[in-house]
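Listed here are the chains, written in short residue letters.
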Amino acid sequence: MSKIVLVGAGGVIFAQNFIRDILCDPVLRTHEVVLMDIDAGRLANAAAMAELLAKKFGVEFHPRATTDLGEALPGADYVITIFRCGTLRHQELEYEIPMKYGVDQVVSDTLGPGGIFRGLRTLRDLFEVLDRMEELCPGAYLLNYVNPMSMNTIALSKRAKTVKVIGLCHSVQHTASQIAGWIGVPVEKLHFRAAGVNHLAFMLKLEVDGEDVYPQLFACLDKPEICKREKVRFEIMRNFGYFPTESSGHNSEYLPYFRKRQDLIDRFCCNDFPEVDENGIDWSAMGCGVSGASVAICRGLQIRNEKQLREYLSGSREPDLSASVEYGVRVIAAIEKNEPLSANLNVMNHGLIPTLPPESCVEVPCLVDGGGVVPGRVEEFPEQLAALDRGMINAQILGAQGALSGDRRAIFHAIAVDPNTQSKLGLDEIRAMTDELFDALSDVIDPRFSAQA
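Right, let's walk through the structure included here. Being a predicted model, the structure only gives us computed values, none of them experimental.

1. Examining the overall build of the protein chain
- Scanning the protein chain from terminus to terminus reveals 20 helices and 13 strands.
- Structurally, the protein chain occupies a C-alpha span of about 60 × 55 × 45 Å along its principal axes.
- Pairs at least 24 apart in sequence give 69% of the contacts found in the protein chain among residues at least 6 apart.
- Surface exposure of the protein chain reaches about 17,600 Å², of which carbon and sulfur atoms provide 51%.

In structure tokens form, the structure reads like this:
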């Protein structure tokens, strides 16, 4: 039997997804599963939720729970990292300080000043997980879901000695489902090929029964009820020929075209279809690109998740028992059972997309089976798409270098080459903003950075 460890198991959404996915698999649910979280209260809730789900499935399932990373990791074959670092206040600072300087962000978890500093926050803890894995379970898979995905994957891969680092996301699967719905076909019939950089990969091929359905997607440009929900993504497709794999809100942060002036924000990032739930959360605000939407949504999510957890455990709400779209457990199952799986995963480039830097992290189709994860090479990646991705990659590589070395100047360089920041600020303003972020977040990043102040 293999050993699977969930680090950050006290979270609600991802942790429940993975526990449910394990329970859905008759083989994996018999393997050793460890739930680890530094918050004892949240961990207890996760263990109770796992017990509840097992009862609903009608199976025996007894994962071990611990707050000690050193107790969780020995002999692990797969470690899935799904934790959040810091508090909501740290996330607010990563939005508020850049906004004070005029850098308008939506999510700020992938790129930009907020994304780079979130990388410093998360990598401080991810490095600890990786180093302990090298000591306690060398050669294991580290399946990381923590953002910023590309910056984290680069830094972890460069630091790793034996641990196999794979980054995972669900943006490709979600985009495939969206496109299938827009063109009116079952998602199972949509055959796609996606590649690029996480959150700015592109659907290179869209086919149904061997027929190219990209013309049907382009026809959606004339359907306001569809294209106005994804203004940025459809505008990218209109001008660059291919549809990107993350929401318009995210994409508006990665390019210099959408957030540098208020008229552009009003045009491309307004919320024409608000979707406010009973908890007051407007789910469409972040997807559309409303300024600072992620902070508001995360604040509401904390309230909603705690409420739903109480309802699950009290029996007043029934949990979903269907498998999620996440790749994590499916990757483990494919390796363990030697059953081929095609999945878009985040790995070091090293020539997989020849026109992108070799030391970048790319999201490419991978074959997973009993032999492990084999990334696919993507020939003839459209040059205009490579040019867009390089803008992200420049900041990601520099951010990863800074996180590894503790070099404050490298972090300044990472933010200085960020496309959204470049479109708004001069270098002296970028330096002042970066220094202010270092000061404000000094309690949650590597102390080597403060020593250089």
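2. Details of helix α10 (residues 231-240)
- Burial runs high along α10: seven of the ten residues are buried.
- Looking only at α10, the buried set comprises K231, V232, R233, F234, E235, I236 and M237.
- Two residues or fewer after α10 comes G241, characterised by a positive phi angle close to 95°.

3. A few points about the nonpolar core
- In this structure, V79 and L345 are the most contacted members of the largest nonpolar core, which totals 124 residues.
- Here L345 is in contact with I166, G167, L168, Y327, V331, V362, E363, V364, C366, V368 and V373, once residues within four sequence places are set aside.
- Counting residues in each nonpolar core, the second largest holds 22 residues, with I183, A194, L206 and V213 among its members.

4. Some points on the layout of surface pockets
- Of the pockets and cavities examined, the second largest pocket occupies roughly 320 Å³.
- When its residues are assigned to classes, the lining of the second largest pocket shows nine nonpolar, five polar and three charged.

5. Some points on the packing of helix α6 (residues 149-159) against helix α16 (residues 383-405)
- Two elements in contact, α6 and α16, have axes whose closest approach is 8 Å; the angle formed by their N-to-C orientations is 50°. Here α16 runs oblique to α6, going by the angle between their axes. As for how α6 packs across α16, the hand of that crossing is right-handed. Residues S150, M151, I154, A155, K158 and R159 of α6 form the contact with α16, whose participating residues are Q396, I397, G399, A400, A403 and L404.
- The class makeup of the residues in the contact of α6 with α16 is seven nonpolar, three polar and two charged.

6. Concerning the pairing of strand β7 (residues 190-197)
- Taken together, the eight bridges between β7 and strand β8 (residues 200-208) define a ladder with antiparallel strand orientation. When the bridges of β8 are listed, F192 appears paired with L206.
- Hairpin geometry of β7 and β8 is characterised by an intervening segment of two residues between the two adjacent antiparallel strands and by a positive phi of about 75° at H199.

7. What about the environment of L321?
- Mapping L321 onto the fold places it in the loop between α14 (293-314) and α15 (328-337).
- Each C-alpha atom, one on L321 and one on H174, is 19 Å from the other, the two residues being 147 residues apart in sequence.
- Contacts of L321, omitting those with residues within four sequence positions, involve R20, C24, L53, K56 and F57.

8. Let's talk about the packing of aromatic side chains
- Summed over all chains, the structure comprises twelve aromatic pairs.
- Geometrically, the ring pair formed by W182 and F243 is edge-to-face, given 5.7 Å between the ring centres and 80° between the ring planes. Of the two residues, W182 sits in helix α7 (residues 171-183) while F243 sits in strand β10 (residues 243-244), which places them 61 residues apart along the sequence.
- Owing to a relative accessible area of 17%, W182 belongs among the buried residues under this scheme.
- Their ring planes at 90° and their centres at 6.1 Å tell us that Y257 and F258 sit as a pair that is edge-to-face.
- Its relative accessible area of 36% is what places Y257 among the partly exposed residues.
- A residue is classified by how much of its surface remains accessible, and F258, at 4% relative accessible area, is buried.
- Members of the aromatic cluster, each reached through a chain of ring pairs, are F240, Y257, F258 and F268.
- Positioned above the aromatic ring of F127 is the side chain of R159, whose terminal nitrogen or guanidinium carbon lies 4.3 Å from the ring centre.
- Note that R229 overlies the ring of F273, its terminal NZ or CZ placed 4.1 Å from the centroid.

Reading the values: rules and limits
Residues numbered from 1 in each chain as written. Predicted model: local features only at pLDDT ≥ 70, side-chain atom pairs only at ≥ 80, totals over all residues. Heavy atoms only, no water. Helix = DSSP H or I, 4+ residues; strand = E, 2+ residues; numbered from the N terminus. Contact = heavy atoms within 4.5 Å. Areas by Shrake-Rupley, 256 points an atom, 1.4 Å probe, with all protein chains shown as cover. Buried < 20%, exposed > 50% of the residue type's maximum accessible area, 1.4 Å probe, protein only. Core = buried A, V, L, I, M, F, W, Y, C linked by side-chain atoms within 4.5 Å. 1 Å grid on protein atoms, 1.4 Å probe; cavity = no way out; pocket = protein on both sides within 12 Å on 5 of 7 lines; lining within 4 Å. Points joined across faces, edges and corners; volume = space filled by probe spheres on them. Nonpolar A, V, L, I, M, F, W, Y, C, P; charged D, E, K, R; others polar. Axes fitted to C-alpha atoms, helices over the stretch in contact; angles between N-to-C directions. Parallel < 35°, antiparallel > 145°, perpendicular 65-115°, else oblique. Left-handed = near helix turned anticlockwise from the far one by under 90°. Pairing = 2+ DSSP bridges. Phe/Tyr/Trp six-rings, centres within 6.5 Å; stacked < 30°, edge-to-face > 60°. Lys NZ or Arg CZ within 6 Å of the ring centre and 35° of its normal.

Honestly, that's just the spatial picture; any functional story needs more than this.
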